[in-house]
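Examination of the molecular architecture
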Amino acid sequence: METNICIAGFGGQGVMTIGKFLAQAVTDSTELNTVFFPTYGAEQRGGTANCFVVIADGEVGTPKADFMDDLIVLNNPSLNKFIDTLKPGGNLFINDTIVTDEIKRDDINIIRVPGTEKALELGNGKVLNVIMLGAYIGYTEVFPVDVMWSTIEHKLAKKASLLPLNKAAFDLGLEYGRKNK
Amino acid sequence: MERVLMKGCEAIAEAAVRSGCRFFAGYPITPQNEIPEYMARRLPEVGGQFVQSESEVAAINMVYGNAAGGVRAMTSSSSCGISLKSEGVSYCAMARLPIVYVNVSRGGPGVGTIQPAQQDYHQATKASGNGGFRMRVFAPATVQEAVDMTYAAFDYADKDRNPVLVLADGVIGSILEPVVLPPQKTEEEVAAIKDSKSEWAAVGHQLGSRAWINPGGWDNILYENCNKDADAMYQSWADEAEAELYKVEDAEVIITSYGISARISKSAVDALRAEGIKAGLVRAKTVFPFPNKAYDAINYDICKGIVDVEMSIPAQFVDDVKIAVDGRAPITTVLRSAGNMLSKGAIIDAAKAML
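Residues numbered from 1 in each chain as written. Chains lettered and ligands numbered in written order. Predicted model: local features only at pLDDT ≥ 70, side-chain atom pairs only at ≥ 80, totals over all residues.

**Examining the overall build of chain A**
- The helix and strand inventory of chain A stands at 6 helices and 6 strands.
- In chain A, the succession of α and β elements from N to C terminus is β-α-β-β-β-α-β-β-α-α-α-α.
- Rg of the C-alpha trace for chain A: 15 Å, near the compact-globule value of 16 Å for 181 residues, within the 12% margin.
- Principal axes of the C-alpha set define a box for chain A whose edges measure 40 × 40 × 40 Å.
- A burial count over chain A gives 49% of its 181 residues as buried.
- Contacts in chain A between residues far apart in sequence, at least 24 positions, make up 59% of those at least 6 positions apart. (Helix = DSSP H or I, 4+ residues; strand = E, 2+ residues; numbered from the N terminus. Rg over C-alpha atoms; globule rule 2.2 N^0.38 Å. Buried ≥ 20, exposed ≤ 12 C-beta atoms within 10 Å, placed from the backbone. Contact = placed C-beta atoms within 7 Å.)

**Things to note about the interface of chain B and chain A**
- Chain B puts 18 residues into the contact, and the matching count from chain A is 17 residues.
- For the side of chain B that touches chain A, the secondary structure elements donating two or more residues are α7 (170–174), β8 (176–179), α10 (259–274) and α12 (344–354) of chain B.
- Counting residues per element, the side of chain B that touches chain A draws most heavily on α10 of chain B, at 5 residues.
- A breakdown of the residues in the side of chain B that touches chain A according to their chemical character gives 8 nonpolar, 4 polar and 6 charged. (Nonpolar A, V, L, I, M, F, W, Y, C, P; charged D, E, K, R; others polar.)

**Considerations on the packing of helix α1 (residues 15–29) of chain A against helix α5 (residues 145–155) of chain A**
Residues and elements named next belong to chain A.
- α5 packs onto α1 with a crossing angle of 105° between their chain directions and a minimal axis gap of 9 Å. The orientation of α1 with respect to α5, classified from their angle, is roughly perpendicular. Here Phe21, Gln24, Ala25, Asp28 and Ser29 of α1 lie close against α5, whose contacting residues are Val147, Met148, Thr151, Ile152 and Lys155.
- Residues belonging to the contact of α1 with α5 are distributed by class as follows: 5 nonpolar, 3 polar and 2 charged. (Axes fitted to C-alpha atoms, helices over the stretch in contact; angles between N-to-C directions. Parallel < 35°, antiparallel > 145°, perpendicular 65-115°, else oblique.)

**As for the sheet that holds strand β9 (residues 243–246) of chain B**
All names here are of chain B.
- Taking strand neighbours across the sheet as the criterion, the 5 strands line up as β9-β11-β10-β13-β14 in an open arrangement whose pairing is mixed. At either margin of the open sheet sits one strand with a lone partner, and together these are β9 and β14 (331–335). In this sheet, adjacent strand axes meet at a mean angle of 20° when their direction is disregarded.
- Judged from the 4 bridges that link them, strand β10 (residues 253–258) and strand β13 (residues 305–310) form a sheet pairing that is parallel. When the bridges of β13 are listed, Val253 appears paired with Gly305.
- Across the sheet, α12 touches β10, β11 (279–284), β13 and β14, and the angle it forms with β13 is around 160°. (Pairing = 2+ DSSP bridges.)

**Describing the domain arrangement of chain B**
All names here are of chain B.
- By domain assignment, chain B separates into domain 1 (4–198 + 227–236) and domain 2 (243–354).
- Distance between the C-alpha centres of domain 1 and domain 2: 27 Å.
- Contacts between domain 1 and domain 2 engage 25 residues on the former and 20 residues on the latter.
- Mapped onto the side of domain 1 that touches domain 2, the elements with two or more residues apiece are α5 (121–125), β6 (136–138), β7 (164–169) and α7.
- Of all the elements, α5 adds the most residues to the side of domain 1 that touches domain 2, at 4 residues. (Domains from an automatic or database assignment.)

**Observations concerning the sheet that holds β6 of chain B**
All names here are of chain B.
- With respect to topology, 7 strands assemble into an open sheet ordered β3-β2-β4-β5-β7-β6-β12, the strand pairing being mixed. In the strand order of this sheet, the two ends are held by β3 (49–52) and β12 (286–288), each with one partner. Across the sheet, the mean angle from the axis of one strand to that of its neighbour is 20°, orientation sign disregarded.
- Where strand β4 (residues 73–77) lies against strand β5 (residues 99–105), 5 bridges are found, and the strand directions are parallel. When the sheet's bridge partners are listed, Ser77 is paired in β5 with Asn103.
- Each of β2 (23–26), β3, β4 and β5 is contacted by helix α2 (residues 34–45), which is oriented at about 145° to β3, the strand it contacts most.
- The strands touched by helix α6 (residues 143–160) within the sheet are β5, β6 and β7, with β7 carrying the most contacts at an inclination of about 165°.

What follows is the structure, encoded as structure tokens:
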């Protein structure tokens, strides 16, 4: 088993955090191997940011595979840049609120999540990434939901006041993921 | 053993501290900034010293000074920054100072890109400065290997009294992977390491038994004798070259590489095997000394060709492969450079074309 995931969006949307949380959960709570590979330009906010996560039961080879099993896109440029790297039958998770470009493939599964909209409804646009992460775990169950949440909880330990907001965002995402199965 | 998720650069820095490194000087450059950043926080915790120097030249000379004082000392940089350190590394080699330095290499030549590449191979293995000195050069393919090699590098440096280079790349430096960290040397062990150097190090001697840390001199005969001693040491390393042989025995096509490229190559070998194609991998773990003997394990009666894979245009690693293979099989190359990643597919296609 080897799952290759690409997460892409604008700098500041929390792309790297999704990838790091996935890799951290794998490291802490499973016997699986993982690699997190970030790529970014020189920009901080507003530039493009993307990262690759590999989850495997054996040795991880290429940190950035030629083709992806799962693609999580948070903005239009990322959709257009990476859509052709998704394997036939692969899963595309889109932040449906702002990813509005036409998806020119009919051989993939599309999981639409109104991430930005729901994050703003929850009162903080920054939880977009946690919603998308919830949707990803809910749909793929690449590892158990509890494992993911306990990692988020652990990572946010120093900002405990943010836990309820993130829990709400994660659960909302989970629901979208499960609903789309 | 507990595994922790660490970024390559930070894991290298932690491994150095655990190996007893107590001085680091460096100057910022992407993609290795997390090494000095980590050291700035970590070294004071163990009574070590961190200096963000005014330049790469200053950093390597501060490392020279600390190594001369018997302290395990390190610097790091990336590609063009490593070029700036060349003079100081050569001085360390002549003065027979044990230092460790890390090149988290990026695209080049010139200023280069900030993305990963392997374009410093010849510089690393053949001419890291003037004068023809040699060093052990380790090429990690995973974060775990980067940790283990950095940890061991300090022992090799002390054993040889010579610089050691860890030749990483921007991928190894920036990925996060689970690693098992080696044990931290105790303060007593660190002190004992320093004490073991007191015979030659500038640590304060009685009158009449002065320590000379000398990067040069005017006596031609003496100088040549130093070169002969160093050469004998370089020759003695030949049997210590390290390589990984993967599914080589029955291979009809061999992929050969090092560092991050070898890791991608290994997954290409698995993909080829899954298609029923007998592919194998020869991976250099030390690129100096070069593991020539590893290439003798190839069965040249059935091996139809060798694919050299590296993130460098023009190819460089291939020059050493040619010497090791010595005409026993044809060699082709799969190359990228300037911060562009290799694709597994391109390696698979090249391997199939050899059959």
